[in-house]
Amino acid sequence: MFITRFFVILFSLIFALLAAGIALAIGIMAPELVTMSSDPIEKFAFFAIAFFSTSFVGATAFIPSVILIAIAETFDLRSIFYYAIGGALIGAIAWYMSDISPQLENTTDLSPVTYGLQLVAAAGIIGGFVYWLLAGRKAGRWKDPYAAT
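Analysis parameters
Residues numbered from 1 in each chain as written. Predicted model: local features only at pLDDT ≥ 70, side-chain atom pairs only at ≥ 80, totals over all residues. Heavy atoms only, no water. Helix = DSSP H or I, 4+ residues; strand = E, 2+ residues; numbered from the N terminus. Buried < 20%, exposed > 50% of the residue type's maximum accessible area, 1.4 Å probe, protein only. Contact = heavy atoms within 4.5 Å. Areas by Shrake-Rupley, 256 points an atom, 1.4 Å probe, with all protein chains shown as cover. Core = buried A, V, L, I, M, F, W, Y, C linked by side-chain atoms within 4.5 Å. 1 Å grid on protein atoms, 1.4 Å probe; cavity = no way out; pocket = protein on both sides within 12 Å on 5 of 7 lines; lining within 4 Å. Points joined across faces, edges and corners; volume = space filled by probe spheres on them. Salt bridge = Lys/Arg side-chain N within 4 Å of Asp/Glu carboxyl O.

Visitor: Can you tell me about the overall build of the chain, naming the residues and giving the values?
Guide: Across its full length, the chain holds five helices and zero strands. Order of helices (α) and strands (β) in the chain, N terminus to C terminus: α-α-α-α-α. Within the span of the chain, comprising 149 residues, buried residues form 38% of the whole. Partitioning the contacts of the chain with sequence separation of at least 6, the portion at a separation of at least 24 is 81%. Accessible area of the chain: about 9000 Å², with a carbon and sulfur share of 75%.

Right, dumping it as structure tokens:
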């Protein structure tokens, strides 16, 4: 039962990090979407930014997310608010640890990210919600042998 739960947690965490990265990419590109044409190069640029932001989210949020998940599994925390607030805090901490806005301004022709903190917090909330939806609702149930799956 624990092995199965471990793989569910791992899959859900990866999926949540991808969702947060895509949300971050959409937030970064939102000001540009109005002017984006159907040019394939611009669409490729969008997916490149999406990949970059997804890898950024994965790199900065993986360890803190594992810690929050371990706490949730240990203490049977199943509240959606725990995961949403935890995701927002991870996003805010990642923002303050490495401000990515100057790096984006120097490497892309995108307009500056003006609401970066709000953007990463929202991406964290989305990631937390996705994780809760896939695995967090059943946190700690693996410890009870009589719990319904």
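Visitor: Report on the nonpolar core, specifying residues and quantitative values.
Guide: Across soluble globular proteins, nonpolar side chains have a tendency to be buried as a group. Counting 28 residues, the largest nonpolar core has Leu24, Val57, Tyr83 and Tyr131 as its most contacted members. Those elements that provide at least two residues to this core are helix H1 (2-33), helix H2 (40-75), helix H3 (80-97) and helix H5 (116-134). Residue contributions to this core peak at 10 residues, all from H1.

Visitor: Give me the lowdown on empty space enclosed by the protein, citing residues and values where you can.
Guide: According to the stated counting rule, one finds three cavities of 30 Å³ or more in the structure shown. At the level of elements, H1, H2, H3 and H5 are the ones that each hand at least two residues to the lining of the largest cavity.

Visitor: Go over the pattern of salt bridges with me, naming the residues and quoting the values.
Guide: Oppositely charged side chains can pair when the atoms bearing their charge come close. For the structure on display, the rule yields one salt bridge. Arg5 is paired through a salt bridge with Glu73; the nearest N and O atoms lie 2.7 Å apart. On the criterion of sequence distance, the pair formed by Arg5 in helix H1 and Glu73 in helix H2 is long-range, its members being 68 residues apart. Of the two residues, Arg5 and Glu73, both sit in the buried class.

The analysis is restricted to geometry; functional conclusions fall outside its scope.
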